[in-house]
Amino acid sequence: MDSHQKEQIVQSVPQKGFFGQPKGLFTLFFTEFWERFSYYGMRAILLYYMYYEVTKGGLGLDKETAASIMAIYGSLVYMSGIIGGWLADRLLGTSRTVFYGGVLIMIGHIVLAFPFGVSALFVSMGLIVIGTGLLKPNVSSIVGDLYADEDPRRDSGFSIFYMGINAGALIAPLIVGTVGQQYNFHLGFSLAAFGMLLGLIVFVITKKKNLGLAGTYVPNPLTGDEKKKVFIRLGGSALLIAVLGVIGIQTGLLTIKRFIFMVSILGIIIPAVYFFVMYRSPKTSAVERSRLLAYIPLFIAAMMFWAIQEQGSIILARYADERTQLSFAGMELQSSWFQSLNPLFIVAFAPVFAWLWVKLGNRQPTTPRKFSFGLLFAGLSFIVMIIPAYVNGTESLVHPMWLVLSFFLVVIGELCLSPVGLSATTKLAPSAFTAQTMSLWFLTNASAQAINAQIVRFYHPDTEIIYFGVIGGISVLLGLILFLVSPKIHKMMKGVN
């Protein structure tokens, strides 16, 4: 997309009407609100559904396998953003890609709403993985299209958008979690499907009036000959993968553990290839190459951050279910409710951070230093979990406020890193790879969870202190290193602040 097209898009969007932001932010805010409701509602009960006994409505998988599946599922969800970014950049544009993604997500939740066992679980996962990959990076990319490059409202707008994401994630565990754990898991999954339906309705009804041309351009469209070659290759690849998958399952060569291991390897290889292809592309200018190099340490920092943050729905979810007092202040808590803590704190503090960055203006920390703060707080969120095990051992139940404190600390780190990372990605992206660079941002999460799939198997109450201590300590150390080298990284960003 050239500068003239960008100017046309910005001029086509009503620039006032939603908390002083472009009106299109309303459409994207509520679309993502309901998409996150569906995803986080499902995720709040999915781990328990997998490892609860069949007599309790679960699938009866062992806890270590269930934890690895959760991590690899999360990795594939974000890894599939590559597909969504490519389709948006080369074929459909971001707006149409978002719509098709929402439809696939809704169908995936509908499949999970029926009691068809492990088979339905994996079919549902496949649909939600592809659908989220189409929708999530492209919604964020459209947010970037609403603003001129130098618009001072940009970071604040992304923070408001991020608050919308987390408002949906906040109410989902309280509603879906309660229904799923107290009544029936499949009824809970059906509520997730309904949430995605509402998101699609909001998007379709309001996009024409609020978004203007945002999301309609195809930045790097395929030619007629290229389309034919791509469709043949994609069709052939899909058929080959399906045949190999069937053979692998029938012969016993493709087991769940081997599949998890393969995805873990891909989580490292794919982003490395991505950086190489974009850096070597003739469509990437010298300035854009420098910005890509500056993006690499930010990518690594974000990957470390998400490795901790995403364990909130795996390790801390198990901790809530097994190690935490669920009778508190005269009421019985559901272990799934703790998944609302992360979005609760984000909804509470995102406006504060949005105000803070605007108030500080040019005096605010640079993007690399904000990332370093994110790593420091993430590390502390794990380190504090050592204290109850050290003081009282691992046999007694822990006061729920320890989990509250851990989630609070990681959220402070998240607000320093995540919305800022979204904004920085749209500004550092090479013009020929705008949506695909946003997909690369979501690969930070995919890579983190791919690594987590191998790490989470080592968690057990007996290993609690060393588990939280080592991972938390590595994050703090990386945060300190990033803080020290941030001036050099900022210089390589070539004017992007």
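Refer to the structure above for everything that follows.
Residues numbered from 1 in each chain as written. Predicted model: local features only at pLDDT ≥ 70, side-chain atom pairs only at ≥ 80, totals over all residues. Heavy atoms only, no water.

Focus on the overall build of the protein
Here is step 1 of the chain: Summing up its helical and strand segments, the protein has 18 helices and two strands in all.
Here is step 2 of the chain: By the compact-globule yardstick of 23 Å for 497 residues, the protein fits well, its C-alpha radius of gyration being 22 Å.
Here is step 3 of the chain: Dimensions of the protein, computed from the C-alpha atoms along their principal axes, are close to 65 × 55 × 40 Å.
Here is step 4 of the chain: Looking at the protein residue by residue over its 497 residues, the buried ones come to 56%.
Here is step 5 of the chain: Once local pairs closer than 6 in sequence are excluded, the contacts in the protein between residues at least 24 apart make up 83%.
Here is step 6 of the chain: Of the roughly 20500 Å² of accessible surface on the protein, a fraction of 70% belongs to carbon and sulfur atoms. (Helix = DSSP H or I, 4+ residues; strand = E, 2+ residues; numbered from the N terminus. Rg over C-alpha atoms; globule rule 2.2 N^0.38 Å. Buried < 20%, exposed > 50% of the residue type's maximum accessible area, 1.4 Å probe, protein only. Contact = heavy atoms within 4.5 Å. Areas by Shrake-Rupley, 256 points an atom, 1.4 Å probe, with all protein chains shown as cover.)

Things to note about the layout of surface pockets
Here is step 1 of the chain: Empty space within the largest pocket amounts to approximately 2000 Å³.
Here is step 2 of the chain: In terms of lining residues, the largest pocket is bounded by 44 residues, among which Leu 76, Ile 83, Val 129, Ile 241 and Phe 259 are the most central.
Here is step 3 of the chain: Among the secondary structure elements, those contributing two or more residues to the lining of the largest pocket are helix H3 (63-79), helix H4 (81-92), helix H6 (117-145), helix H9 (224-251) and helix H10 (256-280).
Here is step 4 of the chain: Among the elements that take part in the lining of the largest pocket, H10 stands out by supplying eleven residues, more than any other. (1 Å grid on protein atoms, 1.4 Å probe; cavity = no way out; pocket = protein on both sides within 12 Å on 5 of 7 lines; lining within 4 Å. Points joined across faces, edges and corners; volume = space filled by probe spheres on them.)

Details of the packing of aromatic side chains
Here is step 1 of the chain: For the structure shown, the criterion picks out 27 aromatic pairs.
Here is step 2 of the chain: Centroid distance Phe 114 to Phe 116: 5.7 Å. Interplanar angle 10°. Geometry classified as stacked.
Here is step 3 of the chain: Owing to a relative accessible area of 56%, Phe 116 belongs among the exposed residues under this scheme.
Here is step 4 of the chain: Look at Phe 373 and Phe 483: their rings are 6.0 Å apart centre to centre, the planes differ by 40°, and that puts the pair in the tilted class. (Phe/Tyr/Trp six-rings, centres within 6.5 Å; stacked < 30°, edge-to-face > 60°.)

So, the pattern of salt bridges
Once the charged atoms of two side chains with opposite charge are near each other, the side chains can pair.
Here is step 1 of the chain: Considering all chains together, one arrives at six salt bridges under this definition.
Here is step 2 of the chain: Taking the shortest distance from any N to any O, the salt bridge between Lys 136 and Glu 32 comes out at 3.1 Å. Taken together, the residues Lys 136 in helix H6 and Glu 32 in helix H2 (residues 24-51) connect sequence positions 104 residues apart. Grouping residues by exposure puts Lys 136 and Glu 32 together as buried. (Salt bridge = Lys/Arg side-chain N within 4 Å of Asp/Glu carboxyl O.)

Digging into the nonpolar core
Here is step 1 of the chain: Within the largest apolar cluster, 132 residues are counted, with the highest numbers of intra-cluster contacts made by Leu 46, Trp 441 and Phe 468.
Here is step 2 of the chain: Non-local contacts of Phe 468, meaning those with residues more than four positions away in its chain, are made with Ile 315, Leu 316, Tyr 319, Phe 382, Ile 383, Met 385, Ile 386 and Tyr 459. (Core = buried A, V, L, I, M, F, W, Y, C linked by side-chain atoms within 4.5 Å.)

Things to note about the environment of Val 179
Here is step 1 of the chain: Within the secondary structure, Val 179 sits in helix H7 (residues 154-182).
Here is step 2 of the chain: Judged by relative accessible area, Val 179 falls into the buried class, the value being 16%.
Here is step 3 of the chain: Considering only alpha carbons, one finds Val 179 and Gly 393, 214 residues apart in sequence, at a separation of 33 Å.
Here is step 4 of the chain: Excluding residues that lie within four positions of it along the chain, Val 179 makes contacts with Asn 184, Leu 187, Gly 188 and Leu 191.

Topic: the environment of Ala 71
Here is step 1 of the chain: With respect to the helices, strands and loops of the structure, Ala 71 is situated in helix H3.
Here is step 2 of the chain: With a relative accessible area of 0%, Ala 71 lands in the buried category.
Here is step 3 of the chain: Separated by 297 residues in sequence, Ala 71 and Pro 368 have C-alpha atoms that sit 27 Å apart.
Here is step 4 of the chain: When residues no more than four places from it in sequence are discounted, the contact partners of Ala 71 are Ile 314, Gln 449, Asn 452 and Ala 453.

Digging into the packing of H10 against helix H11 (residues 286-309)
Here is step 1 of the chain: Where H10 contacts H11, the axes come no closer than 10 Å and their chain directions differ by 165°. Classified by the angle their axes make, H10 and H11 are roughly antiparallel. In the crossing of H10 with H11, the sense of the turn from one axis to the other is left-handed. Counting all contacts with H10, which are made through Pro 271, Phe 275, Met 278, Tyr 279 and Arg 280, the residues of H11 involved are Arg 289, Leu 292, Leu 293, Tyr 295, Ile 296 and Phe 299.
Here is step 2 of the chain: Here the residues of the contact of H10 with H11 sort into nine nonpolar, no polar and two charged. (Axes fitted to C-alpha atoms, helices over the stretch in contact; angles between N-to-C directions. Parallel < 35°, antiparallel > 145°, perpendicular 65-115°, else oblique. Left-handed = near helix turned anticlockwise from the far one by under 90°. Nonpolar A, V, L, I, M, F, W, Y, C, P; charged D, E, K, R; others polar.)

Focus on H10
Here is step 1 of the chain: With 25 residues, H10 should reach 36 Å at 1.5 Å per residue; the first-to-last C-alpha distance of 36 Å fits that figure.
Here is step 2 of the chain: Most pronounced at Leu 266, the bend in H10 amounts to some 25°.
Here is step 3 of the chain: Every buried residue of H10 is listed here: Ile 260, Val 263, Ser 264, Gly 267, Pro 271, Tyr 274, Phe 275 and Met 278. (Expected span 1.5 Å × (residues − 1). Bend = angle between axes of the 7 residues up to and from the residue.)

Digging into the side chain of Asn 452
Here is step 1 of the chain: If you trace the backbone, Asn 452 turns up in helix H17 (residues 434-455).
Here is step 2 of the chain: With near-sequence residues (within four places) excluded, Asn 452 lies in contact with Ala 71, Trp 306, Ala 307, Glu 310 and Gln 311.

Description of a nonpolar patch on the surface
Here is step 1 of the chain: Where nonpolar side chains cluster on the molecular surface, the patch consists of Ile 466, Val 470, Ile 474, Leu 477, Leu 478, Ile 481, Phe 483, Leu 484 and Val 485 and spans about 800 Å² of accessible area.
Here is step 2 of the chain: With respect to the element layout, Phe 483 can be found in helix H18 (residues 464-492). (Patch = residues over 30% accessible without salt bridge, like charges linked within 9 Å, V, L, I, M, F, W, Y side chains within 5 Å.)

Quick notes on empty space enclosed by the protein
Here is step 1 of the chain: With the rule as written, the count across this model stands at three cavities of 30 Å³ or more.
Here is step 2 of the chain: Volume-wise, the largest cavity comes out at about 340 Å³.
Here is step 3 of the chain: Forming the walls of the largest cavity are 27 residues, and the residues nearest its centre are Tyr 40, Tyr 162, Trp 306, Gln 309 and Glu 414.
Here is step 4 of the chain: For the lining of the largest cavity, the elements supplying multiple residues, two or more each, are H2, H6, H7, H11, helix H13 (341-360), helix H16 (401-428) and H17.
Here is step 5 of the chain: A total of five residues in the lining of the largest cavity trace back to one element, the largest contributor, which is H7.
Here is step 6 of the chain: Looking at side-chain class alone, the lining of the largest cavity contains twelve nonpolar, ten polar and five charged residues.

Here's the deal with the packing of H2 against helix H12 (residues 315-322)
Packed helices, taken two at a time, are described by the angle their axes make and the gap between the axes.
Here is step 1 of the chain: Axis separation between H2 and H12 bottoms out at 10 Å; the angle between their running directions is 65°. One finds that H2 runs roughly perpendicular with respect to H12. Regarding H2 and H12, the two cross each other, and that crossing is right-handed. Residue-level inspection shows Leu 47, Tyr 48 and Tyr 51 of H2 in contact with H12, the latter providing Ala 317, Arg 318, Ala 320, Asp 321 and Glu 322.
Here is step 2 of the chain: Split by residue class, the contact of H2 with H12 holds five nonpolar, no polar and three charged.

So yeah, pure geometry; function would need other evidence.
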